Amino acid sequence: MTAPLRLGIAGLGTVGVGVVRLIQEEAALIAARAGRSVEITAVSARDRKKNRDVDLSGYAWEDDPVKLAQRPDVDVFVELMGGDSGPAKASTEAAIAAGKDVVTANKALLAHHGQALAEAAEAAGAVIRFEAAVAGGIPVIKALMEGLGGNRIRRVMGVMNGTCNYILTRMESAGLPYETVFEEARALGYLEADPSLDVDGIDAGHKLSLLASIAFGTRVSFDAVELEGIGRIDIADIRYAGDMGYRIKLLGVAQTTGRGLEQRMSPCLVPVESPLAQLTGGTNMVIIEGAASGQIVLRGAGAGEGPTASAVMGDVLDLARGVRYPVFGQPAATLAEPVAASVAAPAPFYIRMQVQDKPGALAKVATVMGEAGISIDRMRQHGHEAETAPVLIVTHRCTREALDYALSQLPQTGVLAGDPVAIRIEAV
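Residues numbered from 1 in each chain as written. Predicted model: local features only at pLDDT ≥ 70, side-chain atom pairs only at ≥ 80, totals over all residues. Heavy atoms only, no water.

Per an unreviewed UniProt entry, the chain goes by the name Homoserine dehydrogenase and belongs to Falsigemmobacter faecalis. UniProt's Sequence similarities (unreviewed entry) comment on the chain is quoted here verbatim: "Belongs to the homoserine dehydrogenase family." (UniProt positions renumbered as here; feature names shortened; annotations may be inferred.)

Structure follows, in structure tokens:
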């Protein structure tokens, strides 16, 4: 008989408890599929006395996750605590130093320290697996590393934060302003303890940086991700975008161009008929475009006990079967130092502005756009509001530099009330 694979689980929150349940309830199925049994030998969490509605009596308890990582009866250290430093980093490093494999759901840790951890793991003969760190239950990392391993990846994009997607779709369906839905999401427990991780795009940016590393063979470069959250999205933009055939999503895009590696996590308009536009609630979607495969669309639950525990167990089963490959799909020493794109690829943009209702106003706006080298695809004026009217413009493809120049010049025309709003339109 092959010896059992022995796990030490650090972190018994929603995901950790989900992993324990899966192992307890599906032991026979897991053993049949892995070719050996998978057992939990020890666990660690901050509060030993907390009721977690799962039986932990058969496992050793370690108050210190570093000691858990070093236990001789642990083959795989499962890190589910979270955070880019502190106990999560110390215990992961301890596990690697002891030659143990690591399975983690910690996107922040890998986004900030992925290269160093990958080099340490390879030197120790250990493996780090992190399917659960990106897009919950969607096996996107496995798809990139295995099923699409023979492809030159052209672009990776997607909606990778369910909370932001919930907020935007709720704003649209209920006609509610951002502030109201934000507080609703907080009351429902959808937001992180630090809400900026969600609504400022940081959480999703961590995920995008990991996917970009795998897709393009580069070192993780989270600091180069261009981040913009959803806090400035107005209910008016959602309505007007809908009228023009678009929906607004917090969209991550990574691609290589002649300008370098482009990584953006920002609100974008996507065509209403596209798969991304159909995404509602907390669901995630990742789209991978391969030179040979074409476009692959992966959709599923982006968070939650079951989906994330499922991703953790997928990694555990691979280790039980003896499936081993480098952390980011190729040896850490071969990962290229990324050159961050100095400018984003050209794209059409949606622009909303409040224009004073007086003769020649629209002509002045059009003149500024022309002087910036921006061609207007569509221009629409909506009903009057006092002495102004909202004007919407959809441009043809232009550079962000040209757009920024136009946005700086428009207020100087004297016909605007307030600053214009511009949102990129992404082709899907």
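Trainee: How should the pattern of salt bridges be read in this particular structure?
Mentor: Pairs can form between side chains of opposite charge whenever their charged atoms are close. For the coordinates displayed, the defined rule picks out 28 salt bridges. Close ionic contact of Glu62 with Arg71 constitutes a salt bridge, the shortest N to O distance being 2.9 Å. A salt bridge links Arg400 to Asp404, with the shortest nitrogen-to-oxygen separation between them at 2.9 Å. You can see Arg400 and its partner Asp404 sitting in helix α14 (residues 400-409), four residues apart, about one turn around the helix. Of the residues examined, Arg400 reaches a relative accessible area of 31% and is grouped as partly exposed. When salt bridges that share partners are traced, they join Arg129, Lys142, Glu146, Asp315, Asp318 and Arg321 into one network. (Salt bridge = Lys/Arg side-chain N within 4 Å of Asp/Glu carboxyl O. Helix = DSSP H or I, 4+ residues; strand = E, 2+ residues; numbered from the N terminus. Buried < 20%, exposed > 50% of the residue type's maximum accessible area, 1.4 Å probe, protein only.)

Trainee: Where do I start with the pairing of strand β7 (residues 153-159) in this structure?
Mentor: It is a general feature of regular strands that their side chains alternate between the two faces of the sheet. Most of β7 is tucked away: six of the seven residues are buried. Examined bridge by bridge, β7 and strand β11 (residues 283-290) share six bridges and lie antiparallel to one another. Paired with Ile153 across the bridge in β11 is Gly290. (Pairing = 2+ DSSP bridges.)

Trainee: Is there a simple way to explain the side chain of Ser213 in this structure?
Mentor: Relative to the helices and strands, Ser213 resides in helix α10 (residues 202-216). Residue classification places Ser213 among the buried positions, given a relative accessible area of 1%. If we ignore the near neighbours within four places in the chain, the residues touching Ser213 are Thr218, Arg219, Val220 and Phe328. (Contact = heavy atoms within 4.5 Å.)

Trainee: Where do I start with the packing of aromatic side chains in this structure?
Mentor: Two aromatic rings are characterised by how far apart their centres lie and by the angle between their planes. One pass over the full model with this rule turns up three aromatic pairs. Look at Tyr166 and Tyr190: their rings are 4.9 Å apart centre to centre, the planes differ by 85°, and that puts the pair in the edge-to-face class. Residue Tyr166 is found in helix α7 (residues 162-174), and its partner Tyr190 is found in the loop between α8 (178-187) and α9 (196-199); the two are separated by 24 residues along the sequence. Pairing Tyr178 with Phe182 gives two aromatic rings, centres 5.9 Å apart and planes at 40°, and the pair type is tilted. With a gap of four residues between them, Tyr178 and Phe182 both fall in helix α8, about one helical turn apart. Both residues of the pair, Tyr178 and Phe182, count as buried. (Phe/Tyr/Trp six-rings, centres within 6.5 Å; stacked < 30°, edge-to-face > 60°.)

Trainee: Just to check I follow, could you spell out the packing of α7 against α8 for this structure?
Mentor: Viewed as axis vectors pointing N to C, α7 and α8 meet at an angle of 130°, and their least axial separation amounts to 9 Å. In terms of axis orientation, α7 runs oblique to α8. Pair α7 / α8 crosses with right-handed handedness. Within the contact between the two elements, α7 uses Tyr166, Ile167, Arg170 and Met171 and α8 uses Tyr178, Val181, Phe182, Glu184 and Ala185. Across the contact of α7 with α8, the residue classes tally to seven nonpolar, no polar and two charged. (Axes fitted to C-alpha atoms, helices over the stretch in contact; angles between N-to-C directions. Parallel < 35°, antiparallel > 145°, perpendicular 65-115°, else oblique. Left-handed = near helix turned anticlockwise from the far one by under 90°. Nonpolar A, V, L, I, M, F, W, Y, C, P; charged D, E, K, R; others polar.)

Trainee: Just checking my understanding: could you explain the UniProt feature "binding site: L-homoserine" (unreviewed entry) in the chain for this structure?
Mentor: Within the UniProt annotation, "binding site: L-homoserine" (unreviewed entry) is assigned to Glu192. Of the residues examined, Glu192 reaches a relative accessible area of 37% and is grouped as partly exposed. In this structure Glu192 touches Leu197, Asp198 and Asp203, once residues within four positions along its chain are discounted.

Trainee: Is there a simple way to think about the UniProt feature "active site" (unreviewed entry) in the chain in this case?
Mentor: Residues given the UniProt feature "active site" (unreviewed entry) here are Lys207. Within the secondary structure, Lys207 sits in helix α10. Looking at Lys207, the relative accessible area reads 6%, which means it is buried. Apart from the residues lying within four places of it in its own chain, the contact partners of Lys207 are Lys107, Ala133, Val134, Ala135 and Met160.

Trainee: For this particular structure, what's the right way to read the sheet that holds strand β4 (residues 76-79)?
Mentor: With parallel pairing, six strands are arranged side by side in an open sheet as β3-β2-β1-β4-β5-β6. Among the strands making up the open sheet, the edge pair consists of β3 (60-61) and β6 (128-129). Pairing between β4 and strand β5 (residues 101-104): four bridges, direction parallel. Across the sheet, residue Val76 finds its bridge partner in β5, namely Asp101. Strand contacts of helix α4 (residues 86-97): β4, β5 and β6, with the helix running at about 170° to β4, the strand carrying the most contacts.

Trainee: Would you take a moment to explain the domain arrangement of the chain for this structure?
Mentor: Many authors give the size of an interface as the accessible area that is lost as the parts come together. One can read the domain layout of the chain as domain 1 (5-133), domain 2 (141-301) and domain 3 (347-424). Using only C-alpha atoms to locate each centre, domain 2 and domain 3 end up separated by 26 Å. Opposite the 15 residues of domain 2 that make contact, domain 3 presents 13 residues. Carbon and sulfur atoms make up 58% of the surface buried where domain 2 meets domain 3, a total of about 1300 Å² over both sides. Arg352 is the partner of Asp237 in a salt bridge, and the nearest nitrogen-oxygen pair spans 2.4 Å. Our count for the contact surface shared by domain 2 and domain 3 stands at seven residue pairs in polar contact (both at pLDDT 80 or more). Broken down by secondary-structure element, the contributors of at least two residues to the side of domain 2 that touches domain 3 are α11 (235-243), β9 (246-257) and β10 (260-271). Sort the elements by how many residues they give to the side of domain 2 that touches domain 3 and β10 lands first, with five residues. Considered class by class, the residues forming the side of domain 2 that touches domain 3 number nine nonpolar, no polar and six charged. (Domains from an automatic or database assignment. Buried area = accessible area lost by both parts, 1.4 Å probe. Polar contact = N/O pair within 3.5 Å; in protein donor to acceptor, adjacent residues only side chain to side chain.)

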